[in-house]
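An overview of the molecular structure
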Amino acid sequence: QPSRLIQILSWNVPKVATYFMIYVTNKICITLPLLLIRPDILLERLKQFWWPSEQQVKAKVFCNIPLEMASHALVLTIGQAYAVISPVVMCFCACYFGLSYFVYLWLFLYVYSPEFDGAGGLWYDLFDGSMIGIIFGTLTLAGLVLIASGPKSTAFIATLLLATLLLAFYSYCNRVYRSA
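The sections below set out a description of the structure shown in this document. (Residues numbered from 1 in each chain as written. Predicted model: local features only at pLDDT ≥ 70, side-chain atom pairs only at ≥ 80, totals over all residues. Heavy atoms only, no water.)

**Focus: the environment of Leu-146**
Applicable threshold: Helix and strand assignments follow DSSP, with helices taken as H or I runs no shorter than four residues and strands as E runs no shorter than two, numbered in order from the N terminus. Pairs of residues are marked as contacts when any of their non-hydrogen atoms sit within 4.5 Å.
One can find Leu-146 in helix α5 (residues 121-149). Between the C-alpha atoms of Leu-146 and Phe-156, which are 10 residues apart in sequence, the distance is 5.8 Å. Ignoring any residue separated from it by four or fewer positions in sequence, one finds Leu-146 in contact with Pro-151 and Phe-156.

**A few points about the pattern of salt bridges**
Condition: The working definition used for a salt bridge is a side-chain nitrogen of Lys or Arg within 4 Å of a carboxyl oxygen of Asp or Glu. Between buried and exposed lies partly exposed: a residue is buried under 20% and exposed over 50% of the maximum accessible area for its type, with that area taken using a 1.4 Å probe on protein chains only.
In total, this model carries 1 salt bridge according to the counting rule given. A salt bridge links Asp-128 to Arg-178, with the shortest nitrogen-to-oxygen separation between them at 2.5 Å. Residue Asp-128 is located in helix α5, and its partner Arg-178 is located in the segment after α6 (154-177); the two are separated by 50 residues in the primary sequence. Judged by its relative accessible area of 17%, Asp-128 falls in the buried class.

**Quick word on the state of the cysteines**
Applicable threshold: Only a pair of cysteine sulfur atoms within 2.5 Å qualifies as a disulfide here.
Tallied over the full model, the rule gives 0 disulfides. Not part of a disulfide, Cys-29 finds its nearest cysteine sulfur in Cys-95, a span of 8.0 Å. For Cys-29, a relative accessible area of 52% translates into the label exposed.

**Focus: α5**
The cut-off we apply is this: Expected helix span is computed as 1.5 Å times (number of residues minus one).
When the terminal C-alpha atoms of α5 are compared, their 43 Å separation across 29 residues agrees well with the 42 Å that a helix rising 1.5 Å per residue should span. Along α5, the residues that are buried comprise Phe-127, Asp-128, Ser-130, Met-131, Ile-135, Thr-138, Ala-142 and Val-145. Buried residues in α5 make contact with α3 (65-82) and α6.

**Focus: the packing of α3 against helix α4 (residues 88-111)**
Operational definition: Throughout, an axis means a line fitted to C-alpha atoms (over the contacting stretch in the case of helices), and angles, computed between N-to-C directions, take values from 0 to 180 degrees. Oblique is the label for any angle not covered by the other classes, which are roughly parallel (under 35 degrees), roughly antiparallel (over 145) and roughly perpendicular (65 to 115). Here is the rule for handedness: rotate from the far helix to the near one, and if that takes an anticlockwise turn smaller than a right angle the crossing is left-handed, while a clockwise turn gives right-handed.
Orientation of α3 relative to α4, taken along the N-to-C sense of each, is 155°, at an axis distance of 8 Å. Regarding the angle of α3 to α4, the classification is roughly antiparallel. α3 and α4 meet at a crossing whose hand is left-handed. Judged by residue contacts, Glu-68, Ser-71, His-72, Val-75, Leu-76, Ile-78, Gly-79 and Tyr-82 of α3 engage Val-89, Met-90, Cys-93, Tyr-96, Phe-97, Ser-100 and Tyr-104 from α4.

**Considerations on the packing of aromatic side chains**
Using the following cut-off: Between rings of Phe, Tyr and Trp, where Trp is taken as its six-membered ring, a pair exists when centres lie within 6.5 Å; planes separated by under 30 degrees are stacked, by over 60 edge-to-face, and by other angles tilted.
Scanning all chains against the criterion turns up 10 aromatic pairs. Ring geometry for Phe-20 versus Tyr-82: centroids 5.0 Å apart, planes at 45°, classification tilted. One end of the pair, Phe-20, is in helix α1 (residues 2-37); the other, Tyr-82, is in helix α3, with 62 residues separating them in the sequence. Residue class for Tyr-82 comes out buried when judged on its relative accessible area of 12%. Both rings, one in Phe-127 and one in Phe-169, keep their centres 6.5 Å apart while their planes meet at 70°; by these two values the pair is edge-to-face. Of this pair, Phe-127 sits in helix α5 while Phe-169 sits in helix α6, and the two are 42 residues apart along the sequence. What links up through ring pairs into an aromatic cluster is the set Trp-123, Phe-127, Phe-169 and Tyr-170.

**What to know about the nonpolar core**
Here is a general trend for soluble globular proteins: nonpolar side chains tend to be buried in one another's company. For clarity, the threshold we go by: As used here, the term nonpolar core means buried Ala, Val, Leu, Ile, Met, Phe, Trp, Tyr and Cys residues forming a set that is joined through side-chain atoms within 4.5 Å.
Judged by nonpolar contacts, the single largest core of 20 residues is most densely connected at Leu-35, Val-89, Leu-107 and Tyr-112. At the level of secondary structure, the elements contributing two or more residues to this core comprise α1, α3 and α4. Leave out the neighbours within four places in its chain, and Leu-107 touches Leu-35, Arg-38 and Tyr-112. Formed by 6 residues, the second largest nonpolar core is a distinct cluster that contains Phe-127, Met-131, Leu-166 and Cys-173.

Here's what the structure looks like:
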């Protein structure tokens, strides 16, 4: 009974979305401020202040890029997965990315020391994963709309058109920007 599946999902999934909204809110209210405060460096400075030694070498601080990218990719995945089911999650994700832009701008300008230059190579993997995720998410939505409204409905045709446009955009970006 595929029509019963949509009804079950409509009752249960929004309850789970609350967990993810709280998760993203915690990242906004706790993780981002901790990146600015830098408790590890703050404790080190306090230790040097209270117990000064002859050698006080200012340690360089590097960005843990794999950890940071995984953290952002998780929030992006949550946003993509719940954009259709519970669109309110997108507001929280947008707030997270808006604030994290300014936090990381400040960190990269004034805190982190350059460790290496990847010349933006990590962007391609992140973009590929994001686009594939949103295309498959749109196709999943098209499948749900197909079950609910039938193959000749406007909503089903619109979601297929959206998936096609996303695929065309992904192809265009690969053609234009990969070769550069």
